Amino acid sequence: MAKAPALPRGFQLPLEQRLPRIGSIDQVAVEQRAAELAKRSIKKDAKVWALELAIRCCDLTTLEGQDTPGKVAALCSKAIRPDPGDPNVPSVAAVCVYPNLIGAAKERLAGSGVKVASVATYFPSGQAPLDVKLRDVEDAVAMGADEIDMVIDRGAFLSGRYAKVFDEIVQVKEACGAAHLKVILEVSELGTYDNVRRASLLAMAAGGDFIKTSTGKLPGAATLPVQLVMLEAIRDVHEETGRKVGMKPAGGIRTSKNAIQYLVQVHETLGPDWLTPDLYRIGASSLVNDILMQLRTQRTGAYQSKDYFTND
Amino acid sequence: MTEVEKHRDRSPVPAGWTYAPAPESTDIVNLRDRYGLFIGGEWVPAKEHFTTVSPRDEAPLAEVGQATASDVEQAVAAAREAFRSWSRISPSERAKYLFRIARILAERAREFAVLESLNGGKPIKESRDVDLPLASAHFFYYAGWADKLEYAFPNRKPKPIGVAGQIIPWNFPLLMLAWKIAPALAGGNTVVLKPAETTPLTALLFADVLRQAELPPGVVNIVTGDGTTGAALVDSDVDKIAFTGSTEVGKAIQRRVAGTGKKLTLELGGKAANILFDDAALDQAVEGIINGIYFNQGHVCCAGSRLFVQESIYEPAIEKLKRRMGTLRVGDPLDKNTDVGAINSREQLNRIEELVQAGKDEGADIYQPPCRLPEKGYWFAPTVFTNVAQSYRIAQEEIFGPVLSVLTFRTPEEAVEKANNTPYGLSAGVWTEKGSRILWMAQQLRAGVVWANTFNRFDPTSPFGGYKESGFGREGGMHGLEPYLAFDGSETFGG
């Protein structure tokens, strides 16, 4: 039998009828499926469980030019104990900052179990020479980042230079060392679901531990159909290789209701194995307060004023 | 619980996260203990009654009248009487009534949706998101045609035909009512409608809508009962029979009306082919296949009950299909998270069980995902048969349940040949990324509807109907008006 031409990291051109094929995505149908799943009615215990999970999976994020050690310190306190009035509310998964603020975050989060994630690779555009991007990653890791959120080179991807995108991810992964790598596809610049699927498979094949929708710097970031396309790609890779890659939607998830819709999709597409911060993250900044408000409503039966929840 | 084959099961059965029950409240529905017949705008008591139950738990819901031949005669006479004035009022006045009915249906959608699920067993998400919006949309659509018939059929001088006897099935009770009544009234006809024996309640509640809309008495009459009532309606002094239901009954009706001069349209069974090519968007295709056969428990005449998979993609496709079946939520039709509800009746459940047994005996491989079925009521787990031959009963006969038969093909020509090799011809589905192939397939397939990269999509503007033993005549769209009109030069009835 002919030997399949080897592509990097276990992806082979299928010579038999098997997955993964790159395949394509039907836009109408995928949006319809996402809309149907979004109608699940999650109530009572199931809702509380989901809301607490959403907090545990949260990457609390601040990525502004005006970020200071003081701002980051406040965010870290929120990350460790989101609701000072309720010790049962768990900590978030990680705090996500720019490299310059890793130190401040590290200091504040020491011993808490909350991880420090840093964006790198010339975030958010990724339009810089590779050695600059790699240096960016190395520095972030050296400063103590547990997780690196990189951006792919969309310019290269959209001009069909997939190998360049692939090689960059491979090298960034090497530069990460022990740090986990999340690969940001910046879906709103990719234009089609077909491209989202291609970029997802590319990022996983190149060694990404997570695939992530967006930088959060553009409108139209994470959407439910986009996540569904990415989850299905993750599922295909798992089926084919047994490898579990994580998912991180980011940007635009602000309400509890919306967060639960994302979790339902994970639950019904990948199954309960993925409902853990090890394999699922939500990149958000304002979401946590809305969840806290909902949790308190579930506990007390009444909505409380926004003034009872800290703005950090 | 049905026998479940223990396959290597990779379905993500919920472990850490079990959705809490989310039942739709039934408080909004007020049922009477006993219903008579709706004739001439009044409730006429019936001599005998039968009990209608909820298939989800077999609990009795109400007593419903069993209309006799003389009741039917009375209803037809009322319709005949009403026809004199209804056919002569200005078409724009008729349109107003139809618009009113459409609006009231939309306003009372939740009430009707709950009752539809209660009496018929379909998931509330379907009656809420499909049946009710479409039923209302049909009235809106045909309301628009009422004063534009001359434009729909230029130079043909359309006229109403008279009294239409309409017999509708139990799978989409209110929606089929809308499909039948809306074009009939728009054309200036009057109606005697017989709802299905197992699902009469939304039609009876619809009588309330007619009164609310102040439709003149006798324009729509509703007689409930079993097959004998239907037979009496077929034999009565109507000008047209419109029937949706099984091919067997359709043939019997056609024999009875032969030579009587009654117009006839039949919308009958199906055994639709869903054809999956290896270049299709696979995850979305699987979703469409699931929707094609498990929508409304497979109680759909155009259900995609035969899946033809191109052999080059067979294994991954079947694996994905089985895994997806594992995430279907089977249970209480009134729970908002239910995907597959209850089988409509004991009788239908028996038929499904018989055919599934036949499939096993013939040697096909059965797969049912692990799922816990309620103890009371009529239930059947989503089922797929693989390794099915074209000659098996499960590949030939309409099962009308959540049972999919999977066959394979190698080339487009073979797919067309196998898909067309059935006495039915109601619908078909084609799944491919290749536009030219879709167009070619649509030309070759002998089916009234061909869906491409989707399935079970309906719209009032689109005609629907069958080839061969799936019936004749079209419902929906401009075509749906034609069976309710007589044209210049042709004989007119009734008037």
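As the structure is a prediction and not an experimental result, all values here were calculated from the model. Sequence order as written defines residue numbering, which begins from 1 separately in each chain. Chain labels run from A onward and ligand labels from 1 onward, assigned in the order the entries are written. Selection of residues for local features in this predicted model requires a pLDDT of at least 70, selection of side-chain atom pairs for listing and counting requires 80 or more, and totals for whole chains, interfaces and linings are taken over all residues.

(A) Quick peek at the overall build of chain A. Tallying secondary structure elements over chain A gives 11 helices and 8 strands in all. Atoms counted for the radius of gyration: C-alpha only. Globule rule: 2.2 Å times residue count to the power 0.38. Its C-alpha atoms give chain A a radius of gyration of 19 Å, near enough to 20 Å, the size a compact globule of 312 residues would have. For chain A, the spread of C-alpha atoms along the three principal axes comes to 65 × 45 × 30 Å. Residue burial in chain A is summarised as follows: out of 312 residues, 52% are buried. Once C-beta atoms have been placed from the backbone, residue pairs whose C-beta atoms lie within 7 Å are recorded as contacts. Sequence separation of at least 24 residues holds for 73% of the intrachain contacts in chain A that already meet a minimum separation of 6. Only DSSP runs of H or I covering at least 4 residues are called helices, and only runs of E covering at least 2 are called strands; the numbering of each starts at the N terminus. Exposure classification rests on a simple neighbour count of other C-beta atoms within 10 Å of a residue's own: a residue reaching 20 or more is buried, one at 12 or fewer is exposed, and one in between is partly exposed. C-beta atoms are placed from the backbone.

(B) Structural view of the pairing of strand β16 (residues 403–409) of chain B. Residues and elements named next belong to chain B. Most of β16 is tucked away, with 7 of its 7 residues classed as buried. Of the two faces of β16, the one lined by Val403, Ser405, Leu407 and Phe409 and the one lined by Leu404, Val406 and Thr408 are each fully buried. Pairing of strand β13 (residues 306–310) with β16, which is carried by 5 bridges, proceeds in the parallel orientation. Across the sheet, the residue bridging to Phe308 is Leu407, located in β16. One ladder, built from 3 bridges, connects strand β15 (residues 383–386) with β16; its direction is parallel. Paired with Thr383 across the strands is Val403, a residue of β16. Should DSSP find at least two bridges between two strands, the strands are regarded as paired.

(C) Structural view of the sheet that holds strand β18 (residues 449–452) of chain B. All names here are of chain B. In spatial order, the strands read β14-β15-β16-β13-β12-β17-β18; together these 7 strands make up an open sheet with mixed pairing. Looking along the sheet, the strands with just one partner apiece sit at the ends: β14 (365–367) and β18. This sheet shows a mean twist of 20 degrees between the axes of neighbouring strands, independent of strand direction. The pairing of strand β12 (residues 273–276) with strand β17 (residues 427–431) spans 4 bridges and is parallel. Residue pairing in the sheet places Ile275 in a bridge with Val430 of β17. To obtain each axis, a line is fitted to C-alpha atoms, and for helices this fit is confined to the stretch in contact; angles are then taken between N-to-C directions over 0 to 180 degrees.

(D) Spatial organisation of helix α6 (residues 173–186) of chain B. Residues and elements named next belong to chain B. Each helix should span, by expectation, one fewer than its residue count multiplied by 1.5 Å. Under the 1.5 Å per step criterion, the end-to-end length of α6 is 20 Å for 14 residues, consistent within 8% with the ideal 20 Å. Of all the 14 residues making up α6, 14 are buried; the element is thus mostly covered by neighbouring parts of the structure. Following α6 by one or two positions, Gly188 adopts a phi angle in the positive range, close to 90 degrees.

(E) Fine view of the interface of chain B and chain A. Residue-level contacts link 27 residues of chain B with 28 residues of chain A. Every element with two or more residues in the side of chain B that touches chain A is listed here: α10 (282–294) and α11 (314–326) of chain B. Counting residues per element, the side of chain B that touches chain A draws most heavily on α10(B), which supplies 5 residues. Each residue is assigned to one of three groups, with Ala, Val, Leu, Ile, Met, Phe, Trp, Tyr, Cys and Pro labelled nonpolar, Asp, Glu, Lys and Arg labelled charged, and all others, Gly among them, labelled polar. For the side of chain B that touches chain A, the per-class residue count stands at 12 nonpolar, 9 polar and 6 charged.

(F) Region of the structure containing the nonpolar core. Defined on buried residues, the nonpolar core groups Ala, Val, Leu, Ile, Met, Phe, Trp, Tyr and Cys residues joined through C-beta atoms within 7 Å. By size, the foremost hydrophobic cluster in this structure holds 171 residues, and its most contacted members are A:Ala54, A:Cys58, A:Val95 and B:Leu276. The dominant element in this core, judged by the number of residues it contributes, is helix α9 (residues 224–241) of chain A, at 9 residues. B:Leu276 has contacts with B:Ala285, B:Leu307, B:Phe308, B:Val309, B:Gln310, B:Ile313, B:Ala317 and B:Trp431, leaving out every residue within four places of it along the chain. Residues B:Ala75, B:Phe83, B:Ile181 and B:Phe206 belong to the second largest nonpolar core, which totals 88 residues.

(G) Main features of the environment of B:Ile352. All names here are of chain B. Topologically, Ile352 is positioned in helix α12 (residues 346–362). You can call Ile352 buried: it has 22 C-beta atoms within 10 Å. Taking C-alpha positions, Ile352 is 8.5 Å from Pro402, a pair spaced 50 residues apart along the chain. Those residues in contact with Ile352 that sit more than four places away from it in its chain are Ile343, Phe380, Ile399, Gly401 and Val403.

(H) Molecular detail of the sheet that holds strand β3 (residues 115–119) of chain A. Residues and elements named next belong to chain A. The parallel open sheet is built from 8 strands, whose spatial order is β7-β6-β5-β4-β3-β2-β1-β8. Every other strand in the sheet has two partners, leaving β7 (246–248) and β8 (282–284) as the edge strands with one partner each. Averaged over all pairs of adjacent strands, the angle between strand axes in this sheet comes to 25 degrees, irrespective of strand direction. Pairing of strand β5 (residues 180–184) with strand β6 (residues 210–212) involves 3 bridges; the strand directions are parallel. Considered in β6, the bridge of Val183 is made with Ile211.

(I) Quick look at the domain arrangement of chain B. All names here are of chain B. When its domains are assigned, chain B resolves into domain 1 (34–268 + 468–486) and domain 2 (273–452). Note that the domain bounds were set by an automatic or database domain assignment. Each of domain 1 and domain 2 has a C-alpha centre, and the two are 30 Å apart. With 20 residues of domain 1 in contact, the opposing surface of domain 2 contributes 25 residues. Those elements that place two or more of their residues in the side of domain 1 that touches domain 2 are α3 (109–120) and α4 (124–145). Here the side of domain 1 that touches domain 2 is composed, by residue class, of 5 nonpolar, 6 polar and 9 charged.

(J) Molecular detail of the pairing of strand β5 (residues 60–66) of chain B. Residue and element names in this part refer to chain B. Alignment of strand β1 (residues 34–35) against β5, held across 2 bridges, turns out to be parallel. From the neighbouring strand, Tyr35 faces β5, where its bridge partner is Val64. Of the strand pairs in this sheet, strand β4 (residues 48–53) and β5 are connected by 6 bridges, and their pairing is antiparallel. Pairing of Glu48 across the sheet is with Gln66, part of β5. Between the antiparallel neighbours β4 and β5 lie 6 residues, among them Glu58 with a positive phi of about 65 degrees.

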